[in-house]
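Fold and contact review
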Amino acid sequence: MLTTIDDVIASLDKLPTNSEKGTKFEELMVGYFAHDPMLSSQYKNVSRWIDWAHRGSTADVGIDLVAQDRATDEWTAIQCKFYAPTQPLAKSSIDSFFTASGKSWDGVGFTNRIIISTTDKWTSHAEDALDDQAIPVQRIGLPEIAASPIDWVVANPARPLDLNLARGTRFAARPHQVSAIEKILEGFASSDRGQWISACGTGKTFTSLKLAESMAKEAGGGFGCCSWRRRSSSLHRL
């Protein structure tokens, strides 16, 4: 069993052709949108471009996935880049995506764009291309994907195509951990610094995660990867 996104990426990288790697990565990202709590609460009808009813007879235009906003029914165009971590992403590799997502397809246009890439090495021209776009663009990289509470399971490592994703299991804090969270929050009410001393095996890491969730909720935000990064600085002061 492979249980991390890095293991899954390594498994997909063993496929014989770039075409197969790209296709399976797109399918993996459809599952990612379906199982990630924040993305699944925002988007519905996520599919590969080839399965989208509004594409007509066009095959490959630079758009890999589409997703519909649950609140507005507007559509987001998504491009998936399965690159080696050291391979730079150039502007020329996203130009066709911008062109295609700027058009109307069967009377349907896109109001948002997302680029998912397995490399964080973007050329300066590619970075600049994201600015001042009439249709906004978001980026999702491996750190964001890895932060998602998903069980990344390849059921059979000998068959890297056999991907079975599931929403990660959420566990509740135990009574002593709930008490610790309450005391820490009480301390933060009067100071932004403190020290938490607890015996080995009491679950300090898990309790810190639940503390971050509680702080994010109190601040009116969700608990996605970005919320965790903003809140982790407070945890380090414990």
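Residues numbered from 1 in each chain as written. Predicted model: local features only at pLDDT ≥ 70, side-chain atom pairs only at ≥ 80, totals over all residues. Heavy atoms only, no water.

The name an unreviewed UniProt entry assigns to the protein chain is DEAD/DEAH box helicase family protein, from the organism Tessaracoccus palaemonis.

Turning next to the packing of helix H7 (residues 175–188) against helix H8 (residues 204–218). The geometry of H7 relative to H8 is characterised by a closest axis approach of 10 Å and an angle of 50° between their N-to-C directions. Taken together, the axis directions place H7 and H8 in an arrangement best described as oblique. For the pair H7 and H8, the sense of crossing is right-handed. Across from Gln177, Ala180, Ile181, Ile184, Leu185 and Phe188 in H7, the residues of H8 making contact are Phe206, Thr207, Lys210, Leu211, Ser214, Met215 and Glu218. Classifying every residue of the contact of H7 with H8 by side-chain character gives eight nonpolar, three polar and two charged. (Axes fitted to C-alpha atoms, helices over the stretch in contact; angles between N-to-C directions. Helix = DSSP H or I, 4+ residues; strand = E, 2+ residues; numbered from the N terminus. Parallel < 35°, antiparallel > 145°, perpendicular 65-115°, else oblique. Left-handed = near helix turned anticlockwise from the far one by under 90°. Contact = heavy atoms within 4.5 Å. Nonpolar A, V, L, I, M, F, W, Y, C, P; charged D, E, K, R; others polar.)

Another aspect to go through is unusual backbone geometry. Phi is positive for Asp73, which is not a glycine, with a value near 65°. As for its position among the elements, Asp73 is in the loop between strand E2 (65–69) and strand E3 (75–81). Phi at Asp132 takes a positive value of approximately 55°, unusual for a residue other than glycine. Within the fold, Asp132 resides in the loop between helix H5 (124–129) and strand E5 (137–140).

Most often, soluble globular proteins have nonpolar side chains that are buried together. Counting residues in hydrophobic clusters, the biggest one holds 25 residues, and the most contacted among them are Met29, Tyr32, Phe33, Ile116 and Ile145. Counting residues per element, the ones that place at least two in this core are helix H1 (5–12), helix H2 (18–35), strand E1 (43–48), E2, E3, strand E4 (110–117), helix H6 (142–146) and strand E6 (150–154). Considering every element that reaches this core, the biggest residue donor is H2, with five residues. Here Ile145 is in contact with Ile5, Met29, Tyr32, Ile116, Ile140 and Trp152, once residues within four sequence places are set aside. Judged by nonpolar contacts, the second largest core, of 21 residues, contains Tyr83, Trp105, Leu130 and Val137. (Core = buried A, V, L, I, M, F, W, Y, C linked by side-chain atoms within 4.5 Å. Buried < 20%, exposed > 50% of the residue type's maximum accessible area, 1.4 Å probe, protein only.)

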